[in-house]
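# Structural features, examined
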Amino acid sequence: TSGSTTVTWTTSAAHGLAQNDTIHIGSLPNNPGVISEINAVPASELSGTHTVTAVPSTTTFSYAVTTNADTTGSSTLGVPHVRIDRYKSIDNPRF
């Protein structure tokens with residue numbers, strides 16, 4: 001959405017993520033595509049480690065960036081398959 005700092009990704013299969021999960025988004029090795037700027041949000045903000053802020057469906061999830069999008073819309077141009085690493089918080093570890 002124009003003026004928004006929320007990025008929403010759509011996956012081709014159920015992702016299994018939950019709100020507050022920590023994820024890392026990056027290009028797959030040997031992938032011809034690279035993560036590029038979308039709607040004025042720089043690639044450096046789209047990729048990297050993020051906290052999931054919302055899970056609207058089993059195939060969509062959102063996180064915050066600092067740059068406002070300059071248009072409303074979506075793009076698959078230049079967006080590769082991405083790796084999503086899910087990190088679980090360990091509260092009260094037992095030894």
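Cut-off values and rules
Residues numbered from 1 in each chain as written. Predicted model: local features only at pLDDT ≥ 70, side-chain atom pairs only at ≥ 80, totals over all residues. Heavy atoms only, no water. Helix = DSSP H or I, 4+ residues; strand = E, 2+ residues; numbered from the N terminus. Buried < 20%, exposed > 50% of the residue type's maximum accessible area, 1.4 Å probe, protein only. Contact = heavy atoms within 4.5 Å. Pairing = 2+ DSSP bridges. Axes fitted to C-alpha atoms, helices over the stretch in contact; angles between N-to-C directions. pLDDT = per-residue confidence, 0-100.

The next point concerns the overall build of the protein. Each helix and strand in the protein was counted, giving one helix and six strands. Listed N to C, the secondary structure of the protein is β-β-α-β-β-β-β in terms of helices and strands. Within the span of the protein, comprising 95 residues, buried residues form 27% of the whole. Sequence separation of at least 24 residues holds for 78% of the intrachain contacts in the protein that already meet a minimum separation of 6.

This part takes up the sheet that holds strand 1 (residues 6-10). Read from one edge of the open sheet, three strands run 1-5-4, paired in antiparallel fashion. Looking at strand neighbours, the two that pair on one side only are strand 1 and strand 4 (54-57), the edges of this open sheet. The sheet shows a mean angle of 25° between the axes of neighbouring strands, direction not considered. Strand direction decides the pairing type here: strand 4 and strand 5 (residues 60-64), joined by two bridges, are antiparallel. Residue pairing for strand 5: S57 is matched across the bridge by T60.

Attention shifts here to the pairing of strand 1. Alternating residues of strand 1 divide into V7 and W9, all buried, and T6, T8 and T10, none buried. Relative to strand 5, strand 1 runs antiparallel, the two sharing five bridges. Paired with T10 across the bridge in strand 5 is T60.

Before going further, it helps to examine the environment of N68. Relative to the elements of secondary structure, N68 occurs in the loop between strand 5 and strand 6 (82-87). Between the C-alpha atoms of N68 and S2, which are 66 residues apart in sequence, the distance is 7.1 Å. With residues near it in sequence (within four places) discarded, N68 still touches G3, S4, T5 and N39.

For V52, the location among the structural elements is in the loop between strand 3 (48-51) and strand 4. Here V52 falls in the buried class, since its relative accessible area comes to 0%. Beyond its immediate stretch of four places on either side in the chain, V52 contacts L17, A18, Q19, N20, D21, I23, F61 and S62.

Looking at the protein, the pLDDT average stands at 76 and 65% of residues meet or exceed 70. Summarising per-element confidence for the protein, the mean pLDDT is lowest in strand 6 (60) and highest in strand 4 (95).

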